[in-house]
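# Coordinate analysis (summary)
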Amino acid sequence: MTNVQETLVLVKPDGVARNLSGEILRRIEAKGYSLVDIKLVQAERTLLAEHYAEHAGKPFFEPLVEFMESGSILALRVAGDRVIEGFRALAGTTDPTTAAPGTIRGDLGRDWGLKVQQNLVHGSDSPESAARELALWFA
Ligand code: GDP
Ligand code: MG
């Protein structure tokens, strides 16, 4: 039985600035997922604060929002069978230094001086998050 879902993927400002958007798109498409919508955005603070509402008050919240405001973000609506979980697997774990080789973060990211936030991509972590985040970014 199939379980076709949609998820929000963001290529964060470090990924766009390092010209890795194509490589990240290539990996998503090579896995068999489909692009439904795509746009390059300069995100407003209010959008970012809503997007990362679960992290409000944490020590990394402010640097994270500043980083996400620092350049263009490529926002993607991606569809596929179990794509929410599947894209998280493609992305790898949060810290790019220890993310597994073979993943986007593991292959292409590293620790740029304790800046864990520069980990190239975001992917929704549940069906509820995906619905909420897609409504925010693709209103
Ligand atoms: P994700 O779901 O793997 O993206 O990770 P989280 O939801 O836990 O955190 C959201 C984002 O905040 C991460 O992707 C990182 O960009 C950033 N982040 C998480 N933990 C830290 C941290 O300890 N320090 C810093 N500087 N950034 C962090
Ligand atoms: Mg998260």
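Residues numbered from 1 in each chain as written. Chains lettered and ligands numbered in written order. Predicted model: local features only at pLDDT ≥ 70, side-chain atom pairs only at ≥ 80, totals over all residues.

## Let's talk about the overall build of the protein
Note the following rule: Here a helix means four or more residues in a row that DSSP labels H or I, a strand means two or more in a row labelled E, and each is numbered from the N terminus. Burial is judged by counting other C-beta atoms within 10 Å of a residue's own C-beta: 20 or more means buried, 12 or fewer means exposed, and anything between counts as partly exposed, with every C-beta placed from the backbone.
Counting its regular elements, the protein contains seven helices and four strands. Taken over the C-alpha atoms alone, the protein extends approximately 40 × 35 × 25 Å along its principal axes. A total of 139 residues make up the protein; the buried ones form 35% of that total.

## Remarks on the UniProt feature "active site" (unreviewed entry) in the protein
Selection rule: UniProt positions are given in the numbering used here, feature names are shortened, and annotations may be inferred rather than shown by experiment. Remark: residues whose backbone-derived C-beta atoms lie within 7 Å of one another are considered to be in contact.
In this numbering, the UniProt entry assigns the feature "active site" (unreviewed entry) to His122. Excluding residues that lie within four positions of it along the chain, His122 makes contacts with Val9, Leu10 and Lys12.

## Quick look at the sheet that holds strand S3 (residues 73–81)
Test applied: For two strands to be treated as a pair, DSSP must find no fewer than two bridges joining them. All axes are obtained by fitting lines to C-alpha atoms, using only the stretch in contact for helices, and the reported angles, taken between N-to-C directions, cover 0 to 180 degrees.
If you walk across this open sheet you meet the four strands as S2-S3-S1-S4, and the pairing is antiparallel. Here the strands that pair on one side only, and so sit at the sheet edges, are strand S2 (34–41) and strand S4 (121–123). For this sheet the average axis-to-axis angle between neighbouring strands, irrespective of direction, equals 20 degrees. Where helix H2 (residues 21–30) meets the sheet, its contacts fall on strand S1 (4–11), S3 and S4, and the angle it forms with S1 comes to roughly 165 degrees. Packing against the sheet, helix H7 (residues 127–137) makes contact with S1 and S3, and its axis sits at approximately 55 degrees to S1.

## Considerations on the site of ligand 1
Threshold: Contact assignment follows one rule, namely that a residue is near a molecule or strand if its backbone-placed C-beta atom lies within 6 Å of it. Three classes are used: nonpolar for Ala, Val, Leu, Ile, Met, Phe, Trp, Tyr, Cys and Pro, charged for Asp, Glu, Lys and Arg, and polar for all others, with Gly counted as polar.
Taken together, 11 residues are adjacent to ligand 1, and Phe60, Leu64, Thr94, Val116 and Gln117 come closest. Broken down by class, the residue content of the shell around ligand 1 amounts to four nonpolar, five polar and two charged.

## Focus: the nonpolar core
Inclusion rule: The nonpolar core is taken to be a set of buried Ala, Val, Leu, Ile, Met, Phe, Trp, Tyr and Cys residues joined by way of C-beta atoms within 7 Å.
Core analysis: the biggest nonpolar cluster contains 28 residues, and Val9 and Val121 have the highest contact counts within it. Residue assignment for this core shows that the elements contributing at least two residues are S1, H2, helix H4 (61–69), S3, helix H5 (83–91), helix H6 (104–108) and H7.

## Looking at the confidence of the model for the protein
Reading predicted coordinates in detail is not appropriate for stretches of low pLDDT. Heads up, the condition is: The predictor reports its confidence for every residue as pLDDT, a score running from 0 up to 100.
Residues of the protein with pLDDT of at least 70 account for 99%, and the chain-wide mean is 96. Both confidence scores are given for the complex: pTM 0.96, ipTM 0.96.

## Observations concerning H5
Note the following rule: An arc is given here, and it is the one of the directions from the helix axis to the C-beta atoms.
Residues Val83, Ile84, Phe87, Leu90 and Ala91 constitute the buried set of H5. Viewed along the axis of H5, the buried residues span an arc of 125 degrees, placing them on a single side of the element. At its buried positions, H5 is contacted by S1, H2, S3, H6, S4 and H7.

## Regarding the pairing of S1
With seven of eight residues buried, S1 is to be regarded as a mostly interior element. Bridge count for S1 against S3 is eight bridges, and the pairing is antiparallel. By the bridge assignment, Thr7 is partnered in S3 with Val78. Both S1 and S4 contribute to a ladder of three bridges, which runs antiparallel. Note that in S4 the partner of Leu10 across the bridge is His122.

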